[in-house]
Amino acid sequence: MVSSSRKAAKQGIDAVAGMIEAIESQIQAISQIRDFVKDFQQQKLTIQEFLAGPVSLYSSEDELLQDILEQMLSQLI
């Protein structure tokens, strides 16, 4: 891990900032899920809306997948 961090630093990549950004994104997604379930519990959503899931989660999954693919490609170069 240390050697990977040093390689990234040589290439001008701030690995810690990238990890922090990824964690903040995950926290945001989890918070949205929590709020969605809370809304259902408080009967603000119908069962059909609940079963469909939160709309914001779909875009987060796409963004997360894109970030992972970008990281994999950057490691190959």
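Placed above this text is the structure.
Heads up: these notes are all about the structure in this document.

So, how was this worked out
- Residues numbered from 1 in each chain as written.
- Predicted model: local features only at pLDDT ≥ 70, side-chain atom pairs only at ≥ 80, totals over all residues.
- Heavy atoms only, no water.
- Helix = DSSP H or I, 4+ residues; strand = E, 2+ residues; numbered from the N terminus.
- Buried < 20%, exposed > 50% of the residue type's maximum accessible area, 1.4 Å probe, protein only.
- Phe/Tyr/Trp six-rings, centres within 6.5 Å; stacked < 30°, edge-to-face > 60°.
- Salt bridge = Lys/Arg side-chain N within 4 Å of Asp/Glu carboxyl O.
- Patch = residues over 30% accessible without salt bridge, like charges linked within 9 Å, V, L, I, M, F, W, Y side chains within 5 Å.
- Areas by Shrake-Rupley, 256 points an atom, 1.4 Å probe, with all protein chains shown as cover.
- Lys, Arg positive; Asp, Glu negative; His and termini not counted.
- Charge placed at Lys NZ, Arg CZ, Asp CG, Glu CD.

The subject of this paragraph is unusual backbone geometry. Unlike most non-glycine residues, Q43 shows phi in positive territory, near 60 degrees. Residue placement: Q43 occurs in the loop between α2 (15-41) and α3 (47-52). Judged by relative accessible area, which is 70%, Q43 ranks as exposed.

Inspection of every chain in the model, using the stated rule, returns two aromatic pairs. Ring plane angle 20 degrees and centroid distance 4.1 Å describe the contact between F40 and F50, whose orientation is recorded as stacked. Of this pair, F40 sits in helix α2 while F50 sits in helix α3, and the two are ten residues apart along the sequence. Through successive ring pairs, a cluster of aromatic residues spans F36, F40 and F50.

What follows covers the environment of S25. Among the structural elements, S25 can be located in helix α2. Taking the C-alpha atoms as reference points, S25 and L64, separated by 39 residues in sequence, lie 8.3 Å from one another.

Our next topic: the pattern of salt bridges. Taken as a whole, this structure holds one salt bridge when the rule is applied. Note that R34 and D35 form a salt bridge whose closest N and O atoms lie 3.0 Å from each other.

Glancing now at a negative patch on the surface. Where like charges cluster on the molecular surface, the negative patch consists of E21, E24, D62, E63, D67 and E70. Contributions of two or more residues to the negative patch are made by α2 and α4 (55-76). Ranked by the residues each element gives to the negative patch, the list is headed by α4, at four residues. Relative to the elements of secondary structure, E70 occurs in helix α4. In this structure E70 comes out as partly exposed when scored by relative accessible area, which is 44%.

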